[in-house]
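# Inside the fold
Residue strings, one per chain:
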Amino acid sequence: MELDEKKYLYLLFILPIVVLLFLFNMYWKRKKQREFGDLDLVKKLSPERSVFKPVFKLVVLLLAMTGLILGLVNPKIGTKMETVKREGIDIVFAVDVSKSMLSEDVAPNRLDKSKQIVSQIINQLGNDRIGIVAYAGSSFPVLPITTDYSVAKMFLQSMNTDMVSSVGTSLDEAIKLSSTYFDDKKTSKLLIMISDGEDHSEGAEAAAEEANKLGIKIITIGIGTEKGGTIPLKRNGVVESFKRDNNNEVVITKLNQESLKAIAKATKGGYVNGANTKEVIEYVKNALNNIEKTEFEATQMADFQSQFQWFLGIAFVLLLLDVFLLERKTKWVKKLNLFNDKE
């Protein structure tokens, strides 16, 4: 069970206040009755007045208020875990998080641009399973294969250049780790690599050829410009300096399209420049349409069902009952004399 609007639970503090007001009112009435005259005489002057009814009306009112508050909170109940059959493909996003991805030759910077593209691609998906890998000098598993797109987006937005400690960019390591994500041999497999293509390792094409043998198709997306840009080093959002090499020269990082095209070619995939997000989305969408979809089973929680209507319905019934409840004694209850009332 989950609560949709937890903030309204604070309204439950009203209930003890209502009880205190009721007790104060009872005390005030009793005090005034004493001032008016003898209590036994006052009771005889109003023989139909019930001692129990005011308390009963208070309980009804409290239950009604509780129902209204719970209705506002809107409790939701999930029925069960269920296995559903879906038709789609397995997609792994390998996102470059090396320091060069901080370059701002594309706005706002290469890494943020990569996140925007991946997020937009996820928005176009339907029944496909997705996973996320981060890589720089080494690779890091961010999210295993899942059908939960909202969780995937959350992990995607948390990615940064500090999550992989080793410097440089190893495209082959990214391909090798991504290949381990595909656990179903029957399902079509697609690896989407987002990078500026600056590979500081050897063997990316060889890794791509091995991936091709496993039935994995690779689409590479180039982020950055061939002219290149500097890598700003910031603190609290303010540029303090720029990354320099061993000769104390400011590093200029450039988009290397050739390495990315070679990787894609090895798996009969494709390369697209990431400068225009709309064009990238269209390219990936067309590629997905040409990949054979396979059926697979996925376990998921059945949708949570809102239960607010039950609480509101009960609350309104109790409020209606409270309106018709009078504080005088009920005749048939009076005859039972449950409380040993003296005549």
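Refer to the structure presented above.
Below is a short write-up of the structure. Here the residue numbers are simple positions, counted from 1 along each chain's written sequence. Given that this is a predicted model, residues contribute local features only at a pLDDT of at least 70 and side-chain atom pairs are listed and counted only at 80 or more, while totals for whole chains, interfaces and linings are drawn from all residues. Neither water nor hydrogens contribute to the side-chain values; these are computed over all heavy atoms in the structure.

## Comments concerning the nonpolar core
Soluble, globular proteins show a tendency: their nonpolar side chains are buried together. Core analysis: the biggest nonpolar cluster contains 37 residues, and Ile91, Phe93, Ile192 and Ile221 have the highest contact counts within it. Secondary-structure elements contributing two or more residues to this core are strand 4 (90-96), helix 4 (110-124), strand 5 (129-135), strand 6 (139-146), helix 5 (149-157), strand 7 (189-195), strand 8 (216-222) and helix 9 (277-289). Membership of the second largest hydrophobic core comes to 23 residues, among which are Tyr181, Leu191, Met193 and Ala207. We define a nonpolar core as any set of buried Ala, Val, Leu, Ile, Met, Phe, Trp, Tyr and Cys residues linked to one another through side-chain atoms lying within 4.5 Å. Using a 1.4 Å probe on the protein chains alone, a residue whose accessible area is under 20% of its type maximum counts as buried, one over 50% counts as exposed, and one in between counts as partly exposed. Under the DSSP-based scheme used, a helix requires at least four consecutive residues in state H or I and a strand at least two consecutive residues in state E, with every element numbered from the N terminus.

## Remarks on the pairing of strand 7
Counting buried positions over the seven residues of strand 7 gives seven, a clear majority of the element. Going residue by residue along strand 7, you find Lys189, Leu191, Met193 and Ser195 tucked away on one face and Leu190, Ile192 and Ile194 tucked away on the opposite face as well. Two strands pair when backbone bridges link them, and strand 4 and strand 7 are joined in this way by six bridges, in the parallel orientation. Paired with Val92 across the strands is Leu191, a residue of strand 7. Being paired, for any two strands, means DSSP has found at least two bridges between them. Two elements, strand 7 and strand 8, share seven bridges in a ladder whose sense is parallel. Following the sheet pairing, Leu191 is matched in strand 8 by Ile218. For the segment spanning strand 7, helix 7 (residues 204-213) and strand 8, crossover handedness is right-handed. Look down the strands so they point away from you; if the path from the first strand over the helix to the second goes clockwise, the crossover is right-handed.

## A short note on the pattern of salt bridges
Within this document, salt bridges are pairs made up of a side-chain nitrogen of Lys or Arg and a carboxyl oxygen of Asp or Glu, the two lying within 4 Å of each other. Scanning the model with the defined rule gives 10 salt bridges in all. Across the salt bridge formed by Glu5 and Lys7, the nearest N and O atoms sit 3.9 Å from each other. Under the relative-accessibility criterion, Glu5 is labelled partly exposed at 29%. Taking relative accessible area as the criterion, Lys7 reaches 53% and is therefore assigned exposed. Of the charged contacts, one joins Lys99 and Asp162 as a salt bridge, the two residues approaching to 3.0 Å between their closest N and O atoms. One end of the pair, Lys99, is in the loop between strand 4 and helix 4; the other, Asp162, is in the loop between helix 5 and helix 6 (171-179), with 63 residues separating them in the sequence. Asp162 sits in the exposed class, given a relative accessible area of 60%. Here the salt bridges share partners, and the residues they tie into one network are Asp90, Arg129 and Asp183.

## Thoughts on helix 7
Ala204, Ala207, Ala208 and Ala211 are the residues of helix 7 that are buried. Seen from one end, helix 7 has its buried residues packed into an arc of 100 degrees, which puts them on one side. What makes two residues a contact is simply this: any of their non-hydrogen atoms within 4.5 Å. Buried residues along helix 7 sit against helix 6, strand 8 and helix 8 (257-266). Following helix 7 by one or two positions, Gly215 has its phi on the positive side, about 85 degrees. Our arc is simply the arc of the directions from the helix axis toward the C-beta atoms.

Read these as spatial facts, not as claims about activity.
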